[in-house]
Amino acid sequence: MSRLTHLDDSGAARMVDISAKTATRREAVAEGFIHVAKDALQAIADQAVKKGDVLATARIAGIMAAKRTADLIPLCHPLPIDAVSVDLAIEAAGIRATATVATTHGTGVEMEALTAVSAALLTVYDMAKAMDRGMRIDGIRLLKKSGGRSGDFAAT
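Here the structure is a predicted model, which is why all the values come from computation and not from measurement.

Conventions used here
- Residues numbered from 1 in each chain as written.
- Predicted model: local features only at pLDDT ≥ 70, side-chain atom pairs only at ≥ 80, totals over all residues.
- Heavy atoms only, no water.
- Helix = DSSP H or I, 4+ residues; strand = E, 2+ residues; numbered from the N terminus.
- Buried < 20%, exposed > 50% of the residue type's maximum accessible area, 1.4 Å probe, protein only.
- Contact = heavy atoms within 4.5 Å.
- Areas by Shrake-Rupley, 256 points an atom, 1.4 Å probe, with all protein chains shown as cover.
- Lys, Arg positive; Asp, Glu negative; His and termini not counted.
- Charge placed at Lys NZ, Arg CZ, Asp CG, Glu CD.
- Core = buried A, V, L, I, M, F, W, Y, C linked by side-chain atoms within 4.5 Å.
- Polar contact = N/O pair within 3.5 Å; in protein donor to acceptor, adjacent residues only side chain to side chain.
- Pairing = 2+ DSSP bridges.
- Axes fitted to C-alpha atoms, helices over the stretch in contact; angles between N-to-C directions.

### As for the overall build of the protein chain
Step number 1: A tally of regular secondary structure across the protein chain gives 4 helices and 5 strands.
Step number 2: Counting from the amino terminus, helix and strand elements in the protein chain follow one another as β-α-α-α-β-β-α-β-β.
Step number 3: Each principal axis of the C-alpha atoms in the protein chain carries an extent, and together these give about 55 × 30 × 30 Å.
Step number 4: Residues counted as buried form 35% of the 156 residues belonging to the protein chain.
Step number 5: Contacts in the protein chain between residues at least 24 apart in sequence constitute 69% of all its contacts with a sequence separation of at least 6.
Step number 6: For the protein chain, the exposed area adds up to about 8,800 Å²; of that, 55% sits on carbon and sulfur atoms.
Step number 7: Charged side chains of the protein chain number 19 positive and 18 negative; the gap between the two group centres comes to 1 Å.

Encoded structure:
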């Protein structure tokens, strides 16, 4: 069994030392989905939610969350993020969020992409909960990542 990188020799938690890693271009794409009742989904699409433009606010929340991931996830490195995009698409049963995050650094941005999606979907829930408390967030996952020593990954 390989050694866990977030534990030191005595088993205590530590931040991984990435100082010897080469800074390379790294990108990650994550997605998630929130199931929304038809009436609430229509109100979001029509920008008729009392709290404001749900999709625009969720997009900003996702971008902000990607930039603050190290403040939320223990032992996650704070990274200089080169780019973040958060796309929200209305589908028949709800809203799909997709986040793309890029950096040129010694570690990847998978956590930043996943955090962006999570925050965007939670923002949709917060803004529309008065219309639909039964919304359900699921399917948050890494779709793909590129760069770094471990190479590329694409979900199947």
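### A closer look at the nonpolar core
Side chains of nonpolar character tend, in soluble globular proteins, to be buried together.
Step number 1: Counting residues in each nonpolar core, the largest one holds 30 residues, and the members touching the most others are Ile-34, Val-36, Ile-44, Leu-88, Ile-95 and Val-124.
Step number 2: Looking at this core, the elements with two or more residues in it are strand 1 (24-35), helix 1 (38-45), helix 2 (54-67), strand 2 (81-91), strand 3 (94-105) and helix 4 (110-128).
Step number 3: Considering each element in turn, this core owes the most residues, 8 residues, to helix 4.
Step number 4: Setting aside its immediate chain neighbours within four residues, Ile-44 contacts Val-36, Val-49, Val-54, Leu-55, Ile-90, Ile-95, Val-124 and Ala-128.

### Structural notes on the environment of Arg-136
Step number 1: When you line up the elements, Arg-136 lands in strand 4 (residues 136-146).
Step number 2: Each residue touching Arg-136, except ones within four places of it in the same chain, is listed here: Phe-33, Ile-34 and His-35.
Step number 3: Of the polar contacts made by the side chain of Arg-136, one reaches the side chain of Asp-138; its length is 3.3 Å.

### Structural notes on the environment of Ile-140
Step number 1: Along the chain, Ile-140 falls in strand 4.
Step number 2: Of the residues examined, Ile-140 reaches a relative accessible area of 36% and is grouped as partly exposed.
Step number 3: A sequence separation of 77 residues divides Ile-140 from Ile-63, and the C-alpha atoms of the two residues are 16 Å apart.

### Describing the pairing of strand 2
Step number 1: As paired elements, strand 2 and strand 3 share 10 bridges and run antiparallel to each other. Pairing of Val-84 across the sheet is with Val-101, part of strand 3.
Step number 2: Where strand 2 folds back onto strand 3 in an antiparallel hairpin, the turn is made up of 2 residues.

### Brief notes about the sheet that holds strand 3
Step number 1: Taken in spatial order, the 5 strands make up an open sheet running 2-3-1-4-5, and their pairing is antiparallel. The sheet terminates laterally at strand 2 and strand 5 (153-154), the two strands that pair on one side only.
Step number 2: Contacting strand 2 and strand 3, helix 1 crosses the sheet at an angle of about 125° to strand 2.
Step number 3: Sitting on the sheet, helix 2 is in contact with strand 2 and strand 3, with an inclination near 150° to strand 2.

### A word on the environment of Ala-43
Step number 1: Tracing the chain through its elements places Ala-43 in helix 1.
Step number 2: Note: C-alpha distance between Ala-43 and Met-131 (88 residues apart in sequence) is 9.0 Å.
Step number 3: With residues near it in sequence (within four places) discarded, Ala-43 still touches Ala-48, Val-49 and Met-131.

Function-wise, these values are silent; they only describe arrangement.
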